[in-house]
Amino acid sequence: MLSLFKKTALFILLGVLVVSPLFPLHVHGAERLQVVPERPVIVIDPGHGGSNQGTVEGEQDEKYMTMTTALAMYEELCLYDNVDVYLTRTEDKDISLKERAEFAKSVNADFLFSIHYNASENHELFGAEIWIPSKAPFNGYGYQFGYEFLSQLEERGLFIRGIKTRLDDKGRDYYGIIRESAALEIPAVILEHCHVDAPRDSDFCDSEEDLITRGREDATAVAKYLGLKSSVLNVDYSEYQLTEAEESVPVSGTLRDETPPDVCMIEFLKADYEKCSLSLTVSAADYDTPLLYYDYSTDGGITYSGRQPWPGSNALDGSYEDTFTLNLTVSDENRPNVIVRAYNLFDLFTESNHYDSPKTFAYPKETAEEEVPVSQEETFSPEDGSDAAEAVFSKQAEEQREPGFMTFLEICLAVVILLFVILLISQAVSYHNRKKRRRQRRKDEGATRNQHR
């Protein structure tokens, strides 16, 4: 019966996750939200400069990286017809964010694109993202361009962290270049191409050629967004259809999210204690933004693995897999206590319940004594997610498992069934009593008639 409870509870959980209101964005062709003049004015802003170096990792210095990419972007955009292109700086010098925005205003810019490369404090993030304004109509403009920018990088193989907005404690746009530009009625976005400190991203920014390629790709994204054409490059984007976006900007992946994922839980699936392999089911959901990463601990939260891409994560349409199998190789003579953390679009995380192994994983020790028969299950690889291994889990081990969310569901289900049984018994007793009273009443009525005779 307990096994039935477990299966029923798991079925309920999966059902809830399937119908959870994730609201993925449906991408369709749409008209440009921004009215583009016949001869648009573009301002490219190489981030940082002078004493403001930006990210510095080894030999990589962001202020020089942004300059290389911005110059390549400038040169490529100059090959398009009927467009004016400017740079906020052409040399390594200090220039404030306000001065950059004021320069864009002085040339009547239709859009400002701020070029950047990223790094994370703990060197654990990877991927590309774009920051857009929070207010209409500039947020809609930013979203449509951001989709073109990130789609190109996704095609190249970069992990996508999404189109996002961030506010300060006064409710204004957090990033100065966006805030200062918006104050002057100029739409501006920040292009974070990749993380220079992430091994996964190194192939996209390690060489000067990589940085030049990023600039040319940025120019193509701008050309698609503005509907430009080039007789030199023999391309015409004047009829190019952008992704659909309302002025309020779609919820999935583009607004703020100040709450961590709504649920994250793990459940034992299978184990081979002598081959040191463990498999768990991980289930999670966030009702506001998609899940991006996960990491895990096998020592109860003392240390964690590096972050991994959440399976099926797509920050552009808001989709991800709500359940996947985590296969682990356990160290010899170890009894793991596993925790998984699910991270959303804004790097907020929710920690799962603990799985505390009831047994120690240990390779068989060679001995001269007669070998004791062992389980014949096939092992499985942590990489291939194979289902070849069968669950080896005794009744005693089941009883020793730490109570968790599944146990709570099982108890709830047991209570419901118990109440239902009590109701049935109560109805049966009531029916029997009514039948007994009817028989007694007929008997009394018969006796009364006989007395009258």
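Above this text you will find the structure in question.
Attention here is on the structure that accompanies the text.

Parameters and conventions
Along each chain, numbering runs from 1 in the same order as the chain's sequence is written. Where totals are concerned, whole chains, interfaces and linings use all residues; where local detail is concerned, this predicted model gives features only for residues with pLDDT of at least 70, and gives and counts side-chain atom pairs only at 80 or more. Based on all heavy atoms of the structure, the side-chain values leave hydrogens and waters out of the count. A run of DSSP states H or I qualifies as a helix once it reaches four residues; a run of E qualifies as a strand once it reaches two. Both are numbered from the N-terminal end. Accessible area is worked out with a 1.4 Å probe on protein chains only. A residue is then buried under 20% of its type maximum, exposed over 50%, and partly exposed in between. Neither His nor the chain ends is counted toward charge; the positive residues are Lys and Arg and the negative residues Asp and Glu. The term salt bridge refers to a side-chain nitrogen of Lys or Arg lying within 4 Å of a carboxyl oxygen of Asp or Glu. Any N or O atom pair separated by 3.5 Å or less is treated as a polar contact, with the protein-specific requirement of one donor-capable and one acceptor-capable atom, and with residues adjacent in sequence counted only for side-chain atom pairs. Should DSSP find at least two bridges between two strands, the strands are taken to pair. A fitted line through C-alpha atoms represents every axis, and for helices the fit uses only the stretch in contact; the resulting angles, taken between N-to-C directions, go from 0 to 180 degrees. Here the expected span of a helix is defined as 1.5 Å times the quantity of residues minus one. For our purposes a nonpolar core is just a set of buried Ala, Val, Leu, Ile, Met, Phe, Trp, Tyr and Cys residues, chained together by side-chain atoms within 4.5 Å. Any pair of residues with heavy atoms lying within 4.5 Å of one another is described as a contacting pair. Two aromatic rings, drawn from Phe, Tyr or Trp (for Trp, its six-membered ring), form a pair once their centres lie within 6.5 Å of each other, and the interplanar angle then sorts them: stacked below 30 degrees, edge-to-face above 60, tilted otherwise. Counted as over-ring charges are cases with an Arg CZ or a Lys NZ within 6 Å of the ring centre that also lie within 35 degrees of the ring normal.

Examining the side chain of D286
Tracing the sequence through the fold places D286 in the loop between strand 14 (277–285) and strand 15 (291–297). For the buried D286, no salt bridge exists, and the shortest N-O distance to an oppositely charged side chain is 12 Å, to R307. A polar contact is formed between the side chain of D286 and the backbone nitrogen of D288, at a distance of 2.8 Å. From its side chain, D286 meets the backbone nitrogen of T289 in a polar contact 3.1 Å long.

Describing the sheet that holds strand 6 (residues 111–118)
Ordered by their spatial adjacency, 6 strands build an open sheet running 5-2-6-9-7-8, and the pairing between neighbours is mixed. Here the strands that pair on one side only, and so sit at the sheet edges, are strand 5 (84–87) and strand 8 (160–164). Averaged over all adjacent pairs, the angle separating strand axes in this sheet is 15°, with direction ignored. Two strands pair when backbone bridges link them, and strand 2 (residues 41–46) and strand 6 are joined in this way by 5 bridges, in the parallel orientation. Bridging from a neighbouring strand, I44 pairs with F113 of strand 6.

Comments concerning the pairing of strand 9 (residues 188–195)
Burial runs high along strand 9: 8 of the 8 residues are buried. One ladder, built from 6 bridges, connects strand 6 with strand 9; its direction is parallel. The residue bridging N118 from the neighbouring strand is H195, located in strand 9.

Description of helix 6 (residues 208–226)
Helical geometry: 3.6 residues make up each α-helical turn, so side chains three or four residues apart lie on a common side. The terminal C-alpha atoms of helix 6 lie 27 Å apart, and with 19 residues this matches the ideal 27 Å at 1.5 Å per residue to within 8%. With respect to burial, helix 6 is a largely interior element, 15 of its 19 residues being buried. Immediately beyond the C-terminal end of helix 6, within one or two residues, lies G227, with a positive phi of roughly 75°.

Observations regarding the nonpolar core
Of all hydrophobic cores here, the largest spans 67 residues; its most connected members are I42, I44, L77, F113, I130 and F145. Top contributing element to this core by residue count: helix 4 (residues 138–156), with 8 residues. Contact partners of I130, with chain neighbours within four places excluded, come to F145, G146, F149, L150, G162, I163, K164, V189, I190 and L191. With 24 residues, the next largest nonpolar core counts F268, Y320, F324 and A342 among its residues.

Thoughts on the packing of aromatic side chains
Within this structure, the stated rule accounts for 22 aromatic pairs. Considering the side-chain rings of Y86 and F103, the 6.2 Å spacing of their centres and the 75° angle between planes classify their relative orientation as edge-to-face. Of this pair, Y86 sits in strand 5 while F103 sits in helix 3 (residues 97–106), placing them 17 residues apart in sequence. The class for Y86 is partly exposed, based on a relative accessible area of 31%. When the centroid spacing of 6.2 Å and the interplanar angle of 50° are considered together, the rings of F111 and F145 count as tilted. Placement of F111 in strand 6 and of F145 in helix 4 is noted, with a sequence separation of 34 residues between them. Take F111 and F145: they sit in the same class, and that class is buried. The ring of Y304 carries the charged tip of R341 above its face, separated from the ring centre by 3.5 Å. Stacked on the ring of Y273, the Lys or Arg K359 has its end atom at 4.5 Å from the ring centre.

A closer look at the sheet that holds strand 17 (residues 323–329)
What the 3 strands build is an open sheet, ordered 13-14-17; its pairing is antiparallel. Each edge of the sheet is formed by a strand with only one pairing partner; in this case those strands are strand 13 (263–272) and strand 17. Direction aside, neighbouring strands of the sheet carry axes that sit 25° apart on average. Sheet topology note: the strand 14/strand 17 ladder contains 7 bridges and is antiparallel. The residue of strand 17 that forms the bridge with L278 is L328.

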